[in-house]
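# Structural features, examined
The chain contents come next:
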Amino acid sequence: MAENCNHDCSSCGEACSSRKSESLIKEPHKLSKIRKVIAVVSGKGGVGKSMTSALLACASQKAGYNTAIMDADITGPSIPKMLGIHERAMGSEAGILPVRSDGGMQVMSMNVLLNHEDDPVVWRGSLISGTVLQFWTDVVWTDVDYMFIDMPPGTGDVPLTIFQSVPLDGIVIVTTPQDLVGMIVKKAVNMAGMMNIPILGIVENMSYITCPDCGRKISVFGESQVDAIALEHGITNVVKVPIDRSLTEAADSGKIETFDHNYYEAFFNRIDEQLKNRK
Ligand code: ADP
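Chains are numbered independently. Their residues run from 1 in the order of the written sequence. Predicted model: local features are reported for residues with pLDDT of at least 70 only, side-chain atom pairs are reported and counted for 80 or more only, and whole-chain, interface and lining totals are derived from all residues. As a convention, hydrogens and water are excluded, and side-chain values are obtained from all of the structure's heavy atoms.

### What about the packing of helix α2 (residues 49-62) against helix α9 (residues 265-278)?
Worth spelling out the cut-off: As a rule, the C-alpha atoms of each element are fitted with a line to give its axis, helices using only the stretch in contact, and angles between N-to-C directions run from 0 to 180 degrees. Helix and strand assignments follow DSSP, with helices taken as H or I runs no shorter than four residues and strands as E runs no shorter than two, numbered in order from the N terminus. To sort the angles, those under 35 degrees are grouped as roughly parallel, those over 145 as roughly antiparallel, those from 65 to 115 as roughly perpendicular, and the leftovers as oblique. In what follows, residue pairs with any heavy atoms lying within 4.5 Å of each other are defined as contacts. Residues were grouped as follows: Ala, Val, Leu, Ile, Met, Phe, Trp, Tyr, Cys and Pro as nonpolar; Asp, Glu, Lys and Arg as charged; and all remaining residues, including Gly, as polar.
At a minimum axis separation of 9 Å, α2 and α9 run at an interaxial angle of 70°. The pairing of α2 with α9 is recorded here as roughly perpendicular in orientation. Along the contact surface, α2 presents L56, A59, S60 and K62, while α9 presents E265, F267, F268 and I271. Taken together, the residues of the contact of α2 with α9 break down into five nonpolar, one polar and two charged.

In structure tokens, the structure reads:
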């Protein structure tokens, strides 16, 4: 049991013996069917976590799986914009219905609930966590093979709520080379360990640029350390994604689904294999 335990497990991430007897996992909506759930996490904002969530989801959809994205980044939602979604979510008697992307992915995000997509969300943490939980419990997700959750950065209230309340099959960690990568990855690994959630892979985003003249890879932020760090933690699935201006352009213009070079296909296939082998 944690020092200073106040017996309120919802405010604590400690994996102690008293927690084991009490599962905080919440049931999804009774009409939802969701087979696999993967959370995409990062130590801080701006490293490309939403980009990774979107491209991983696209890779999953392309592999023939019914795919969904839950955008849990309530105060900085960017998934709808990347997918060119501007419509609002509809409700039915049964619950809230996710919006569909052009490619058929189901998406729920704060931005499809607001009256105007550029309205800010100025809410306290508890309200934000409650909303994210409702994305799980009150949204009717139809026949989803893979759901990707775009988490807010860090290890605050919302990540903790999701880790405790949603039955995650694993997490994907996103870092950048200058992102104090060792420490950030260690924090994520430790958090996942405390919650008993497997790490399915590490993304080193903005890893390099490719010289447009000679094709040489240039490590803008110094040599990559991600392989050594992954090895240290026994993580075998690693992808290094370059800084690619056409990716930014595709995201900014809402065309990420039709972006023709998805860096994440092999990475997703290795996740799929890991999860199949686990059964
Ligand atoms: P986060 O979710 O971690 O805050 P985003 O996914 O929103 O980060 O990415 C931040 C910005 O960087 C966005 O404008 C996005 O289009 C851009 N970006 C992310 N990854 C890449 C990349 N590999 N190459 C070029 N631009 C990228």
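### Brief notes about the nonpolar core
Applicable threshold: Only buried Ala, Val, Leu, Ile, Met, Phe, Trp, Tyr and Cys residues count toward a nonpolar core, and they belong to the same one when joined by side-chain atoms within 4.5 Å. In this scheme, a residue with accessible area under 20% of its type's maximum is buried, one over 50% is exposed, and one in between is partly exposed, where area comes from a 1.4 Å probe on protein chains only.
Judged by nonpolar contacts, the single largest core of 84 residues is most densely connected at M147, I149, L168, I171 and I256. When residues no more than four places from it in sequence are discounted, the contact partners of L168 are V37, A39, I149, I162, F163 and I197.

### Topic: the environment of V140
As for its placement among the helices and strands, V140 is situated in the loop between α4 (125-137) and β7 (144-150). Distance in space between the C-alpha atoms of V140 and I96 is 6.1 Å, their sequence separation being 44 residues. Sequence-distant contacts of V140, that is, excluding residues within four places in its chain, are made with H29, L31, S32, A94, G95, I96, L97, P98 and Q106.

### Quick notes on the pattern of salt bridges
Pairs may arise between side chains of opposite charge once their charged atoms sit close together. Counted only if it meets this: We define a salt bridge as a contact between a side-chain nitrogen of Lys or Arg and a carboxyl oxygen of Asp or Glu at a distance within 4 Å.
According to the stated counting rule, one finds nine salt bridges in the structure shown. Put simply, D145 and R35 hold a salt bridge, and the shortest N to O gap is 2.8 Å. You can see D145 sitting in strand β7 and its partner R35 sitting in strand β1 (residues 34-42), a full 110 residues away along the chain. Between K49 and D73 there is a salt bridge whose closest N-O contact spans 3.5 Å. Taken together, the residues K49 in helix α2 and D73 in the loop between β2 (67-71) and α3 (79-82) connect sequence positions 24 residues apart. Accessibility classification places K49 together with D73 in one group, the buried group. Several salt bridges converge on common partners, so that one network encompasses R35, D143 and D145.

### Regarding α9
The cut-off we apply is this: The length a helix should cover is 1.5 Å for every residue beyond the first. As used here, the arc is the angular range of directions from the helix axis to the C-beta atoms.
Across its 14 residues, α9 extends 20 Å between first and last C-alpha, which sits within 8% of the 20 Å expected from 1.5 Å per residue. Burial in α9 covers these residues: F267, F268, I271, D272 and L275. Summarising the axial view, the buried residues of α9 lie within an arc of 140°, below the 170-degree limit, and thus occupy one face. Tucked into the core, α9 has its buried residues touching β1, α2, β7, β8 (170-175), β9 (199-204) and β12 (238-240).

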